[in-house]
Amino acid sequence: MPPWNAKVILNLFIFIIQERPRSLCNDNCHSGSSRTKIEGKPFCCYECHSCPEGKMTNQKDMDDCFPCPEGEYPTSNHDSCLPKHIVFLSYEDPLGTSLATTAIVFACIATVVLGIFLKYQDTPIVKANNRNITYILLVSLVLSFLCSLLFIGHPEKVTCLFRQTAFGIVFSVAISSVLAKTIIVTLAFMASVPGSKMRRWLGKRLDNYIVVSCSLIQVVVCTAWLVISPPYPDADMNLVAEEIILGCNEGSTLMFYCVLLYLLFLAIVGFSVAFQARHLPDSFNETKFISFSLLCFCSVWLSFFPTYLSTKGKYMVAVEIFSILSSSAGLLGCIFFRKCFVILLRPDLNNKKQLMRGKKEEI
């Protein structure tokens, strides 16, 4: 029996601890990929496949890729996870800042116009345009500009609950006021015809009934919306891989579109009445401007639907804000720009004689 010298013991120790060689058909699968066994070949032969979108591996020779934890997303190499960015339309965002500034500017302009009409309320041009309905219309336009601010900022329970309903009710008051002005102007001309029976309708505050009844329908729709399926704050983690999109879930999409479609219905009815009365004498020609303003309103909101459905995240909110501002600005400019021009810069035309002369010339 050979002696157990130090050299033999050392060689025996090295043999025991030495790792046994591995047989591989291919190189290791790196992190960011998974391996799949090749059918018909030894178990040590496999293919490497890059991880699919939304999954990752952070070790070699993983049998399967796995998703990142909630609130994280894989890197471009799919070998680690990064925290998602929280995204919403904020006041610090350039887009949010520009929209908020535009809303405030237009609200101030509408307030100035209201102040002009209050200051010159006893002049013929203001009296001829139904002062009470004009004041209601201007106040509702101011509120419509300001209600767009509810769509900007971190989504909260209160803002989500009331932003769409506030917009729907305020706009219904505005469009109802325009509809009332159109109907009253048309009836006023028809009542001026000798023997007309329309004169009796003018003294019954028909304009107030139109505004209240049309707005009340929208109030009922919005109340039903809040009771049945109210909007609430929501975080969408799957729409965009790298982002957590904060927004308001509308609750019932059907009720949301009912609110918009009712506004379109009122605008189309108002446009139809105004268009039919566009050939009235010049002293009643407010219907021409109402027709154009309601045409702008309908165009904006008809184009809103496809644009809104084709955008994502904060840009969906921006599209709705832009539609609110542009349609409100169209109503304000088309109906009141000419009147303010006459009141402030052409006071010589702001008298009863001029209005009656225009009427006689047309007749």
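Per an unreviewed UniProt entry, the protein chain goes by the name Vomeronasal type-2 receptor 26-like and belongs to Python bivittatus. Under Sequence similarities (unreviewed entry), UniProt gives the following word-for-word description of the protein chain: "Belongs to the G-protein coupled receptor 3 family." According to its UniProt record, the protein chain has this under Subcellular location (unreviewed entry): "Cell membrane".

K.L.:
Looking at this structure, how should I read the layout of surface pockets?
P.N.:
Rolled over the atoms, a probe sized like a water molecule indicates the empty space that remains. Taken as a whole, the second largest pocket spans an internal volume of roughly 590 Å³. Looking at the second largest pocket, it is lined by 31 residues, and the ones nearest its centre are Gly247, Cys248, Asn249, Tyr308 and Met316. When residues in the lining of the second largest pocket are grouped by element, the largest group, 5 residues, is from strand S9 (residues 243-249). Residues that form the lining of the second largest pocket fall into these classes: 17 nonpolar, 8 polar and 6 charged.

K.L.:
Just checking my understanding: could you explain the pattern of salt bridges for this structure?
P.N.:
If charged atoms from side chains of opposite charge come close, those side chains can pair. Overall, the coordinates contain 3 salt bridges when judged by the stated rule. Here Asp93 ties to Lys314 by a salt bridge, and the two come within 2.5 Å at their closest N and O atoms. Placement of Asp93 in the loop between strand S7 (85-87) and helix H2 (94-119) and of Lys314 in helix H10 (residues 314-345) is noted, with a sequence separation of 221 residues between them. Residues Asp93 and Lys314 agree in their burial class; the two are buried. In this structure, the salt-bridge partner of Arg163 is Glu250, at a minimum N-O distance of 3.8 Å. Note that Arg163 is positioned in helix H5 (residues 157-191) and Glu250 in the loop between S9 and helix H8 (253-276), a separation of 87 residues in sequence. For Glu250, a relative accessible area of 11% translates into the label buried.

Definitions and cut-offs
Residues numbered from 1 in each chain as written. Predicted model: local features only at pLDDT ≥ 70, side-chain atom pairs only at ≥ 80, totals over all residues. Heavy atoms only, no water. UniProt positions renumbered as here; feature names shortened; annotations may be inferred. 1 Å grid on protein atoms, 1.4 Å probe; cavity = no way out; pocket = protein on both sides within 12 Å on 5 of 7 lines; lining within 4 Å. Points joined across faces, edges and corners; volume = space filled by probe spheres on them. Helix = DSSP H or I, 4+ residues; strand = E, 2+ residues; numbered from the N terminus. Nonpolar A, V, L, I, M, F, W, Y, C, P; charged D, E, K, R; others polar. Salt bridge = Lys/Arg side-chain N within 4 Å of Asp/Glu carboxyl O. Buried < 20%, exposed > 50% of the residue type's maximum accessible area, 1.4 Å probe, protein only.

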